[in-house]
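Per-entry structural report
Listed here are the chains, written in short residue letters.
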Amino acid sequence: MRIGQIDVPQSLLDTQRNDDLVIFAGAGVSMPPPSDYPSFEQLAEEIAADSALTREDHEPLERFLGRLESHGVMVHRLARDLLTDPTSRPNQLHYDLLSLFDPERGIRLVTTNFDLHFTTTARELFEDEIAIFNAPALPLGDRFEGIVYLHGSVERDPGQLVLTDRDFGRAYLTEGWARRFLQAMFARFTVLFVGYSHSDVVMNYLARGLPPD
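First, a word on scope: everything that follows refers to the structure included in this document. Starting afresh in each chain, residues are numbered from 1 along the sequence in its written order. In view of the model being predicted, local features appear only for residues whose pLDDT reaches at least 70, and side-chain atom pairs are presented and counted only at 80 or more, with totals across whole chains, interfaces and linings using the full set of residues. Side-chain measures here rest on the full set of heavy atoms in the structure, leaving out hydrogens and waters.

1. Looking at the overall build of the protein chain
Put simply, the rule reads: Runs of E in the DSSP output that reach at least two residues are strands. Runs of H or I that reach at least four are helices, and both are numbered from the N terminus. Only protein chains enter the calculation, and the probe is 1.4 Å; a residue is then buried if its accessible area is under 20% of its type maximum, exposed if over 50%, and partly exposed in between. Only the protein chains shown count as cover for residues, and all accessible areas are computed by the Shrake-Rupley method using a 1.4 Å probe.
Looking only at helices and strands, the protein chain has nine helices and seven strands in total. Sorting the 213 residues of the protein chain into buried and exposed places 49% on the buried side. When the accessible surface of the protein chain is totalled, it reaches about 10,700 Å², and 47% of it is carbon and sulfur.

Next up, the structure:
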């Protein structure tokens, strides 16, 4: 079944009716107009624009952002400022993804995006208030409903955004709150990824944070 720009297998829609579906949305969802927000790579380039530092060949984006921070660049605050553009609005993909859910049966959407377009869209689509969770204060991954900003959001302290290698290390390895949430979520639900590439930073950390099975 095609919903907007998404080809959604009927089996996933059946899963949703059985209360087993989670949408996992990445930066690609907020890139089309009228949202017009950057990919993670483009965001890193914009954060570094006024710095003398440049990204080295094959340097991971989160490591580059960590290097910028160590040289005094206000990485988290700049990211927050870049992703709170008042002219940016939810695009059709935000509406299509949330429209897959029947609010009476529960909405479960997880995003690594920092912008608030899913929150805005949910408030337009649904009469009842939808629970919103911002990292690092995450719910239990196997029993949550609502929208989860897995890496934080622009409405909270920018220092809590997961951007640098240090941030990712804490979230997925040393403190592990993102890893624990995802392990429980994948053990319980069927997950549809939208807006990611196989080379995405998040995919690399998921590979490290999830058990082999």
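2. Let's talk about the pattern of salt bridges
As a reminder, the rule being used: We count a salt bridge whenever a side-chain nitrogen from Lys or Arg sits within 4 Å of a carboxyl oxygen from Asp or Glu.
Under the definition given, this model contains eight salt bridges. Here D81 and R80 are joined by a salt bridge, their closest N and O atoms 3.0 Å apart. In this structure, D142 engages R143 in a salt bridge whose closest nitrogen and oxygen atoms are separated by 3.4 Å. On the accessibility criterion, R143 (62% relative accessible area) is exposed. Each of D167, R170 and E175 takes part in a single network of salt bridges with overlapping partners.

3. Examining the packing of helix α7 (residues 165-174) against helix α8 (residues 177-188)
Which entries qualify depends on this criterion: To define axes, lines are fitted to C-alpha atoms, for helices over the stretch in contact only, and angles between the resulting N-to-C directions are given on a 0 to 180 degree scale. The cut-offs work like this: below 35 degrees is roughly parallel, past 145 is roughly antiparallel, 65 to 115 is roughly perpendicular, and the gaps in between are oblique. Whether two residues are in contact is decided by their heavy atoms, any of which lying within 4.5 Å being enough. The nonpolar class holds Ala, Val, Leu, Ile, Met, Phe, Trp, Tyr, Cys and Pro. Asp, Glu, Lys and Arg form the charged class, and all remaining residues, Gly among them, are polar.
The interhelical angle for the contact between α7 and α8, taken along N-to-C directions, is 50 degrees, at an axis separation of 4 Å. What the angle tells us is that α7 and α8 run oblique. Side by side, α7 and α8 meet where R170, A171, Y172 and L173 of the first sit next to W177, A178, R179 and L182 of the second. Here the contact of α7 with α8 is built from residues that sort into six nonpolar, no polar and two charged.

4. A word on the nonpolar core
Formally: Only buried Ala, Val, Leu, Ile, Met, Phe, Trp, Tyr and Cys residues count toward a nonpolar core, and they belong to the same one when joined by side-chain atoms within 4.5 Å.
Of all hydrophobic cores here, the largest spans 41 residues; its most connected members are V110, L150, L163, Y172, F181 and M185. Elements represented by at least two residues in this core include exactly β3 (21-25), α2 (40-47), α3 (61-70), α4 (75-82), α7, α8 and α9 (201-209). Per element, the largest residue contribution to this core is five residues, and it comes from α8. Apart from the residues lying within four places of it in its own chain, the contact partners of L150 are F24, V110, T111, T112, A135, L138, Y172, W177, A178, F181 and L182. With 19 residues, the next largest nonpolar core counts L21, L97, I130 and I147 among its residues.

5. Things to note about the side chain of N113
Relative to the helices and strands, N113 is located in the loop between β4 (108-111) and α6 (117-125). You can call N113 buried: its relative accessible area is 6%. Non-local contacts of N113, meaning those with residues more than four positions away in its chain, are made with A25, G26, A27, V29, S30, Y149 and G152.

6. Quick word on unusual backbone geometry
Going from P33 to P34, the amide bond is cis rather than trans, its omega being 5 degrees. With respect to the helices and strands, P34 occurs in the loop between β3 and α2. Look at D36: it is not a glycine, yet its phi comes out positive at around 60 degrees. As for its position among the elements, D36 is in the loop between β3 and α2. Even without a glycine there, the phi angle at H58 is positive, about 65 degrees. Looking at the element boundaries, H58 is found in the loop between α2 and α3. Of the residues examined, H58 reaches a relative accessible area of 82% and is grouped as exposed.

7. Let's talk about α2
The condition that has to hold: Arc, as used here, means the arc of the directions from the helix axis to the C-beta atoms.
Three or more residues of α2 are buried, namely F40, L43, A44 and I47. Burial along α2 is one-sided: seen end-on, the buried residues are contained in an arc of 100 degrees.

8. Some remarks on the sheet that holds strand β6 (residues 146-149)
To keep it simple, the criterion reads: We treat two strands as partners when DSSP finds at least two bridges between them.
Ordered by their spatial adjacency, five strands build an open sheet running β5-β6-β4-β3-β7, and the pairing between neighbours is parallel. The open sheet terminates on both sides in strands that have one partner only, identified here as β5 (132-134) and β7 (190-194). In this sheet, adjacent strand axes meet at a mean angle of 20 degrees when their direction is disregarded. In terms of strand pairing, β4 meets β6 through four bridges, oriented parallel. Within β6, the residue paired with V110 across the bridge is V148. Seen against the sheet, α6 touches β3, β4, β5 and β6 and runs at an angle of roughly 170 degrees to β6.

Remember, this is a structural readout, not a statement about activity or role.
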